[in-house]
Amino acid sequence: MPRYYAHILSLYEKHKAYSYVVDFARLALQFINTKTKDADLLQTEIQGRLFSGATAISRFELAHSTLITMKDRALQHSSLRILIQRMCENLHNAELVQLSFPGLQGAVDDILAQKCHDTMDVITGVPFHQILYSWRIKRNDYRGAAVVLMDRIQKLRQLGEGDQFTSEDILDTVITRQYLMLINVLSCVEQKQAWITAEEVPQAAAGKGTVVSGKRRVVTLADIRKEYQDELDRIAAIQNNQFGFTAEDEMEIL
């Protein structure tokens, strides 16, 4: 029976009728005799096809439940990357954060963290920073969430997008909002633990789409509050036309 249902789902796969692929893959799994010699191989094959079918029609809960039952670790981790990428690209961010991923939460965090590291343009495209921030907040990893916000602040500065106003208040910009979130999230941990390590990306890499590893530094909650105040002062100075020109600037103006 499993081979029979597997044959039928193959026919539906050729026509990309994935809802039927899902139905017959689930039937095939029900009839697999775990005592037979090739049971594990057949189960792995059908699980992979069930996962692919479920993912193709955005049945992500089914894809998730199939994924966590996979015994083949290589297939499981490759499927995990596909599921995360597909859900993020299709803006199923809230649903992704709610999924439990038992035994795989560390792997999910690592995949999202690598996506954030590789993403230089934090304005357009998939909002990996926001997704990882929400993922860590959901799991009470406040310091980890703070690291995500700090990385986004640095990349916003590199893009020159940090001064965009988000309301009529001139001090309410994309970056100042990130700083407020950063202060709030670090205030959720004990004072002795209110610090993070941040990676400084050299300015030479800004705007070139090149991921460069910089020096790491320890940043405390007090440091962040000072940086936030400095940012407010900088914006206020710009609005009051308090520009500081260098000799080179004056030559360019002339």
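Residues numbered from 1 in each chain as written. Predicted model: local features only at pLDDT ≥ 70, side-chain atom pairs only at ≥ 80, totals over all residues. Heavy atoms only, no water.

Participant: Can you help me understand the overall build of the protein in this one?
Facilitator: From N to C terminus, the protein includes 12 helices and two strands. The secondary structure elements of the protein, listed N-terminal to C-terminal, are α-α-α-α-α-α-α-α-α-α-β-β-α-α. Each of the 254 residues in the protein was classed as buried or not, and the buried ones make up 39%. Across the protein, the fraction of contacts at a sequence separation of at least 24, relative to all contacts at a separation of at least 6, is 59%. (Helix = DSSP H or I, 4+ residues; strand = E, 2+ residues; numbered from the N terminus. Buried < 20%, exposed > 50% of the residue type's maximum accessible area, 1.4 Å probe, protein only. Contact = heavy atoms within 4.5 Å.)

Participant: Is there a simple way to think about unusual backbone geometry in this case?
Facilitator: With the exception of glycine, most residues fall at negative phi, and the peptide bonds are largely trans. Of note in this structure, Lys 16 is not a glycine but carries a positive phi near 55°. The phi torsion at Asn 140 lies on the positive side, around 60°, for a residue other than glycine. Summarising the element assignment, Asn 140 is placed in the loop between helix 8 (128–138) and helix 9 (142–159).

Participant: Where do I start with the confidence of the model for the protein in this structure?
Facilitator: Detailed reading of predicted coordinates is not advised where the pLDDT is low. For the protein, the mean per-residue pLDDT works out to 88, and 86% of the residues sit at or above 70. This model gives residues 204–211 a pLDDT under 50, and the stretch forms nine contacts once residues within four places in sequence are excluded. A low-confidence stretch, residues 245–254 stays under pLDDT 50, and its non-local contacts, those more than four residues away or across chains, total three contacts. (pLDDT = per-residue confidence, 0-100.)

Participant: Would you explain the side chain of Asp 151 in this entry?
Facilitator: Following the sequence through the fold, Asp 151 ends up in helix 9. In this structure the side chain of Asp 151 is engaged in a polar contact, spanning 2.6 Å, whose partner is the side chain of His 129. Those residues in contact with Asp 151, other than ones at most four positions away along the chain, are Cys 116 and His 129. (Polar contact = N/O pair within 3.5 Å; in protein donor to acceptor, adjacent residues only side chain to side chain.)

Participant: How should I be thinking about helix 1 (residues 2–14) in this particular structure?
Facilitator: Three- or four-residue spacings in an α-helix give side chains the same orientation, since the helix completes a turn every 3.6 residues. Under the 1.5 Å per step criterion, the end-to-end length of helix 1 is 19 Å for 13 residues, consistent within 8% with the ideal 18 Å. Packed against the buried residues of helix 1 are helix 2 (18–30) and helix 3 (39–56). Lys 16 occupies a position one or two residues after helix 1 and carries a positive phi of about 55°. (Expected span 1.5 Å × (residues − 1).)

Participant: Could you clarify how one ought to interpret the nonpolar core in this entry?
Facilitator: Grouped burial of nonpolar side chains is what soluble globular proteins tend to show. Formed by 64 residues in total, the largest nonpolar core has its most connected members in Leu 80, Phe 101, Leu 112 and Leu 182. Discounting chain neighbours no more than four positions away, the residues touching Phe 101 are His 64, Leu 67, Ile 68, Leu 80, Leu 83, Leu 96, Val 108 and Trp 135. (Core = buried A, V, L, I, M, F, W, Y, C linked by side-chain atoms within 4.5 Å.)

Participant: Would you mind going over the packing of helix 5 (residues 73–89) against helix 7 (residues 105–118) with me for this structure?
Facilitator: Two quantities define a packed helix pair, namely the angle between the helix axes and the distance between the axes. Where helix 5 contacts helix 7, the two axes come as close as 11 Å, and the packing angle between them is 55°. If you check the angle between helix 5 and helix 7, you find them oblique. Relative to helix 7, helix 5 is oriented so that their crossing is right-handed. For the pair helix 5 and helix 7, contact is made by His 77, Leu 80, Arg 81, Ile 84, Gln 85 and Cys 88 and by Ala 107, Val 108, Ile 111, Leu 112 and Lys 115, respectively. In the contact of helix 5 with helix 7, the residues fall into seven nonpolar, two polar and two charged. (Axes fitted to C-alpha atoms, helices over the stretch in contact; angles between N-to-C directions. Parallel < 35°, antiparallel > 145°, perpendicular 65-115°, else oblique. Left-handed = near helix turned anticlockwise from the far one by under 90°. Nonpolar A, V, L, I, M, F, W, Y, C, P; charged D, E, K, R; others polar.)

Participant: Looking at this structure, I do not really get helix 2. What am I missing?
Facilitator: Its 13 residues give helix 2 an end-to-end C-alpha distance of 18 Å, which sits within 8% of 18 Å, the value for a rise of 1.5 Å per residue. Of all the residues in helix 2, the buried ones are Val 21, Val 22, Phe 24, Ala 25 and Ala 28. Looking at the buried residues of helix 2, the elements they touch are helix 1, helix 3 and helix 4 (60–68).

Participant: Sorry, what's going on with the packing of helix 1 against helix 3 here?
Facilitator: Relative orientation of the contacting elements helix 1 and helix 3 amounts to 30°, with a least axis distance of 12 Å. Viewed along their axes, helix 1 and helix 3 adopt a mutual orientation that is roughly parallel. Between helix 1 and helix 3 lies a crossing whose hand is left-handed. Only Leu 42, Glu 45, Ile 46 and Arg 49 of helix 3 make contact with helix 1, whose side of the interface consists of Pro 2, Arg 3, Ala 6, Leu 9, Ser 10 and Glu 13. Partitioning the contact of helix 1 with helix 3 into residue classes produces five nonpolar, one polar and four charged.

Participant: Quick question: what am I supposed to make of the pattern of salt bridges here?
Facilitator: Side chains that differ in charge, positive against negative, can pair when their charged atoms come close. Inspection of the entire model under this criterion finds 10 salt bridges. Here Glu 227 ties to Arg 217 by a salt bridge, and the two come within 3.5 Å at their closest N and O atoms. Residue Glu 227 is located in helix 11 (residues 221–239), and its partner Arg 217 is located in strand 2 (residues 216–220); the two are separated by 10 residues in the primary sequence. Taking relative accessible area as the criterion, Glu 227 reaches 18% and is therefore assigned buried. (Salt bridge = Lys/Arg side-chain N within 4 Å of Asp/Glu carboxyl O.)

Participant: Looking at this model, I keep getting lost on the side chain of Lys 155. Mind explaining?
Facilitator: When you line up the elements, Lys 155 lands in helix 9. For Lys 155, a relative accessible area of 2% gives the class buried. Separated by 3.4 Å, the side chain of Lys 155 and the backbone oxygen of His 117 make a polar contact. Beyond its immediate stretch of four places on either side in the chain, Lys 155 contacts Cys 116, His 117, Thr 119, Met 120, Val 122 and His 129.

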